[in-house]
Amino acid sequence: MPTLGYGVFQVTKEECERCVLDALKAGYRLIDTAQSYFNEEEVGRAIKKSGVPREEIFLTTKVWLEHYGYENAKQSVLESLRKLQTDYLDLVLLHQPFGDAYGAWRALEDLYEDGKIKAIGISNFYVDRMVEFINFNRIKPMVNQMEVHIFNQQKQLMEYADKYNVQLEAWAPFGEGRGNTFENEVIKAIGEKYGKTTAQIMLRWNIQRGVVVIPKSTRFERMVENIDVFDFELTADDMNAISELDTATSSFFSHQEPAMVEWFVSMIEERKQNK
Ligand code: NAP
């Protein structure tokens with residue numbers, strides 16, 4: 001799995017094909033999409049148009065909640081394969097830790113054993129749910145994609161991911177800029193030493209901790225900037241200074257908050273009614 005990839009959350013249908021073509025041109029070889037981003041077709045078209053051989057690209061999608069349960073999850077992955085114009089996926093994740101995740105997981109296990117998916121994993125499974133899911137399934141998740149950035153460093157989760165050999169992947173590696181991550185003085189000062197931007201320092205820091213990063217940008221020059229992080233190394237002092245910035249709190253919301261769980265439930269209900 002590449003240590004750095006390109007994510008297409010909040011990239012509109014109109015922009016997505018151009019963005020993925022640009023990302024591939026900039027050198028990205030991991031593309032992260034999801035059923036709930038509604039842009040799998042555009043991702044598939046861009047990959048086809050790019051001329052980059054399919055086997056050089058690590059392609060991820062995620063099963064959305066309303067497709068949980070064994071049969072629905074299986075059908076939804078087959079539909080993702082069709083939309084993405086490919087006969088296999090490199091990684092499929094369960095997007096959220098709710099509902100019949102176990103049924104959906106059994107579908108991923110079967111598709112994995114059939115060779116339709118090369119690796120299977122989870123997303124937004126906090127440390128307790130991750131440990132539970134690892135221990136109560138036949139095939140354990142290979143990846144957990146979580147919110148990981150300078151203000152929410154996921155130190156305990158990292159310990160357990162290491163223990164069970166699960167690869168941690170950081171969504172929102174800039175925290176989408178919340179809390180002024182791009183203007184952070186500690187990150188800026190470190191960047192000045194290396195002639196690097198704050199974005200590059202935030203990505204490099206996660207990569208050095210062994211965390212895969214999938215930054216999103218719709219601008220070609222930023223895509224180029226974000227992938228240019230392999231020609232320098234942060235020192236132990238730099239890493240320690242960044243470690244101090246951790247607040248161990250989400251910049252978005254907690255999946256453990258009951259009101260948030262209810263919000264997910266109502267969203268699924270609403271979508272069912274609108275079908
Ligand atoms: P992010 O990558 O932390 O931040 C994206 C924001 O940063 C955009 O507003 C972008 O603006 C800006 N940006 C990018 N590069 C920049 C740079 N070099 N300098 C200044 N600003 C820059 O947030 P994200 O998109 O939420 O997360 C990344 C990927 O993680 C997503 O695309 C998705 O694939 C995945 N994700 C997964 C989950 C999940 O539940 N599993 C949740 C969220 C995200 P411009 O586009 O204008 O450049």
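Residues numbered from 1 in each chain as written. Predicted model: local features only at pLDDT ≥ 70, side-chain atom pairs only at ≥ 80, totals over all residues. Heavy atoms only, no water.

**Overview of the site of the ligand**
Taken together, 27 residues form the shell around the ligand, and within it Asp32, Ser123, Glu176, Ser217 and Arg222 come nearest. In the model, an oxygen atom of the ligand is placed 3.0 Å from a nitrogen or oxygen of the Phe9 main chain. Between the ligand and the protein, one listed contact pairs an oxygen atom with a side-chain N or O atom of Lys216 at 2.9 Å. The cavity that encloses the ligand is the largest pocket. With three residues, the single largest contributor to the shell around the ligand is helix 9 (residues 220-227). (Near = heavy atom within 4 Å. Polar contact = N/O pair within 3.5 Å; in protein donor to acceptor, adjacent residues only side chain to side chain. 1 Å grid on protein atoms, 1.4 Å probe; cavity = no way out; pocket = protein on both sides within 12 Å on 5 of 7 lines; lining within 4 Å. Sits in = over half its atoms within 2 Å of the grid points. Helix = DSSP H or I, 4+ residues; strand = E, 2+ residues; numbered from the N terminus.)

**A word on the pairing of strand 3 (residues 58-63)**
Most of strand 3 sits out of view: six of its six residues are buried. The alternating pattern of strand 3 places Phe58, Thr60 and Lys62 on one face and Leu59, Thr61 and Val63 on the opposite face, and all of these are buried. Pairing analysis gives three bridges linking strand 2 (residues 30-32) to strand 3, with the strands arranged parallel. Among the inter-strand pairings, Ile31 is bridged to a residue of strand 3, identified as Leu59. Taken together, strand 2, helix 2 (residues 40-50) and strand 3 form a β-α-β motif whose crossover is right-handed. Here four bridges tie strand 3 to strand 4 (residues 91-94), and the two strands are oriented parallel to one another. The residue bridging Thr60 from the neighbouring strand is Leu91, located in strand 4. Of the crossover connections in this fold, the one passing from strand 3 over helix 3 (residues 70-83) to the parallel strand 4 is right-handed. (Buried < 20%, exposed > 50% of the residue type's maximum accessible area, 1.4 Å probe, protein only. Pairing = 2+ DSSP bridges. Right-handed = clockwise from strand over helix to strand, strands pointing away.)

**What about the pairing of strand 5 (residues 120-123)?**
Taking every second residue as pointing to the same face, both faces of strand 5 are buried, with Ile120 and Ile122 on one and Gly121 and Ser123 on the other. Sheet topology places strand 4 next to strand 5; three bridges connect them, and they run parallel. The residue bridging Leu93 from the neighbouring strand is Gly121, located in strand 5. Traced from strand 4 through helix 4 (residues 101-113) to strand 5, the parallel crossover comes out right-handed. In terms of strand pairing, strand 5 meets strand 6 (residues 143-147) through two bridges, oriented parallel. Across the sheet, residue Ile122 finds its bridge partner in strand 6, namely Asn144. A crossover connection joins strand 5 to the parallel strand 6 through helix 5 (residues 127-135); in handedness this β-α-β unit is right-handed.

**With respect to helix 4**
With 13 residues, helix 4 ought to run about 18 Å at 1.5 Å a step, and its terminal C-alpha atoms sit 18 Å apart, in line with that. Along helix 4, the positions that sit buried rather than exposed are Ala101, Gly103, Ala104, Trp105, Ala107, Leu108, Glu109 and Leu111. Where the residues of helix 4 are buried, they touch strand 3, helix 3, strand 4, strand 5 and helix 5. (Expected span 1.5 Å × (residues − 1). Contact = heavy atoms within 4.5 Å.)

**Examining the packing of helix 5 against helix 6 (residues 155-163)**
Where helix 5 meets helix 6, the closest approach of the two axes is 10 Å, and the angle between their N-to-C directions is 15 degrees. Judged on the interaxial angle alone, helix 6 and helix 5 are roughly parallel. Note that helix 5 runs across helix 6; the crossing there is right-handed. From helix 5, Val127, Met130 and Val131 reach across to helix 6, where they touch Gln156, Leu157, Tyr160 and Ala161. Grouping the constituent residues of the contact of helix 5 with helix 6 by class yields six nonpolar, one polar and no charged. (Axes fitted to C-alpha atoms, helices over the stretch in contact; angles between N-to-C directions. Parallel < 35°, antiparallel > 145°, perpendicular 65-115°, else oblique. Left-handed = near helix turned anticlockwise from the far one by under 90°. Nonpolar A, V, L, I, M, F, W, Y, C, P; charged D, E, K, R; others polar.)

Bear in mind that shape data such as this cannot, by itself, settle questions of function.
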